[in-house]
Amino acid sequence: MGFSDARFDVNLSILFTELPLLERPAAAAAAGFTAVELWWPWTDAPVPAPRQLDALRNALRAAGTQLVGLNFYAGQLPGPDRGALSVPGKESERFRANVEVAADFAQSLGCTALNALYGNRVQGVDPAAQDALALENLTLAARAAHRVGATLLIEALNAPESPRYPIVSAPKAIEVVQAVNAATGLDNARFLMDLYHLARNGEDLEAVIDRYTPLTGHVQIADSPGRGAPGTGTLPLEDLLDRLRTNGYAGWTGLEYQPGNTPSADAFAWLPRPQRATTAP
């Protein structure tokens, strides 16, 4: 049990970032992984030039890595932003321009999970107005995801690191998931259960897993404190992944942790190489 039964993918927006974007899929493959995920790679371009999309698509295919998760445009991430879809004005417009582009890119690679980060609260803007805008944009995203056979993911972040982000608990994320499903009738919005963020929020991880696994579409892990590899902190990640499987979760587990002061290729000693190559659930 534990790590041996999980299906892992590597987040190429937090690991292997010492390399140029187009070299990261091959580096992940060289480390033994066959599945990857990405934040939106072009922070200033919700609609990149076709040659940029083609280059990344070709790099993923050439490496033999399956893209299993992709964020919609989320502003400067990494950086000060935590999404764009609830931010009035230019950022919301950028999110809308990105929706079909991201969905089409995902479809071209067989990726069926699209993550939509909500965005920070904006000083001087009514939170209710931001929430109304968010639901409108999440509805667009859910419909685009449905068109390409994908799930729309809603993620809770942690308040210490993202104090202006309004979704900082599992129940709040589930509330948004249910609102989107009610608005679209498509039932394709799901919870992105990031165990690191939930731990930083002080949530009872076992209770969250027992209650919300049926509404979970993707899982991400990092140890806490520190956001490092499993074994660098205090989270019982093997036990938690076992609990997820016992509750019926059979999807991907994204490795979204920081490699520390070593090259990313050296940050996987906790996971035997035969367990890194995975096939679709």
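Model, not experiment: these values are computed from the prediction. (Residues numbered from 1 in each chain as written. Predicted model: local features only at pLDDT ≥ 70, side-chain atom pairs only at ≥ 80, totals over all residues. Heavy atoms only, no water.)

Caption draft 1: Examining the packing of helix 2 (residues 50-63) against helix 3 (residues 90-108) more closely. Where helix 2 meets helix 3, the closest approach of the two axes is 11 Å, and the angle between their N-to-C directions is 25°. Viewed along their axes, helix 2 and helix 3 adopt a mutual orientation that is roughly parallel. Considering how the two elements wind past one another, helix 2 and helix 3 form a crossing that is right-handed. Here helix 2 contributes Leu 53, Leu 56, Arg 57 and Arg 61 to the contact with helix 3, which in turn contributes Val 101, Phe 105 and Ser 108. For the contact of helix 2 with helix 3, the per-class residue count stands at 4 nonpolar, 1 polar and 2 charged. (Axes fitted to C-alpha atoms, helices over the stretch in contact; angles between N-to-C directions. Helix = DSSP H or I, 4+ residues; strand = E, 2+ residues; numbered from the N terminus. Parallel < 35°, antiparallel > 145°, perpendicular 65-115°, else oblique. Left-handed = near helix turned anticlockwise from the far one by under 90°. Contact = heavy atoms within 4.5 Å. Nonpolar A, V, L, I, M, F, W, Y, C, P; charged D, E, K, R; others polar.)

Caption draft 2: Expanded view of the sheet that holds strand 2 (residues 35-38). Spatial ordering of the closed barrel is given by 1-2-3-4-5-6-7-8, a layout of 8 strands whose pairing is parallel. Adjacent strand axes in the sheet meet at a mean angle of 30°, parallel and antiparallel pairs treated alike. Where strand 1 (residues 7-11) meets strand 2, 2 bridges bridge the pair, whose relative direction is parallel. Of the residues in strand 2, the one forming a bridge with Asn 11 is Glu 37. Against the sheet, helix 3 makes contact with strand 3 (66-71) and strand 4 (113-115), and its axis sits at roughly 170° relative to strand 3, the strand it touches most. (Pairing = 2+ DSSP bridges.)

Caption draft 3: Structural context of helix 3. Counted at 1.5 Å a residue, the expected span for helix 3 with its 19 residues is 27 Å, and the 28 Å between its end C-alpha atoms agrees. A maximum bend of about 35° is found in helix 3 at Asn 98. For helix 3, the set of buried residues is Glu 91, Ser 92, Phe 95, Asn 98, Val 99, Val 101, Ala 102, Ala 103, Phe 105 and Ala 106. Looking at the buried residues of helix 3, the elements they touch are helix 2, strand 3, strand 4 and helix 4 (127-147). Gly 110 sits one or two residues past helix 3 and shows a positive phi near 70°. (Expected span 1.5 Å × (residues − 1). Bend = angle between axes of the 7 residues up to and from the residue. Buried < 20%, exposed > 50% of the residue type's maximum accessible area, 1.4 Å probe, protein only.)

Caption draft 4: Quick peek at the pattern of salt bridges. Taken as a whole, this structure holds 13 salt bridges when the rule is applied. The residue Arg 57 makes a salt bridge to Asp 54 at a minimum N-O spacing of 2.7 Å. Remark: Asp 54 and Arg 57 occur in helix 2; sequence separation between them is 3 residues, near one turn of the helix. With relative accessibility at 14%, the residue Arg 57 sits in the buried group. Taking relative accessible area as the criterion, Asp 54 reaches 37% and is therefore assigned partly exposed. Each of Glu 100, Asp 104 and Arg 147 takes part in one network of salt bridges that share partners. (Salt bridge = Lys/Arg side-chain N within 4 Å of Asp/Glu carboxyl O.)

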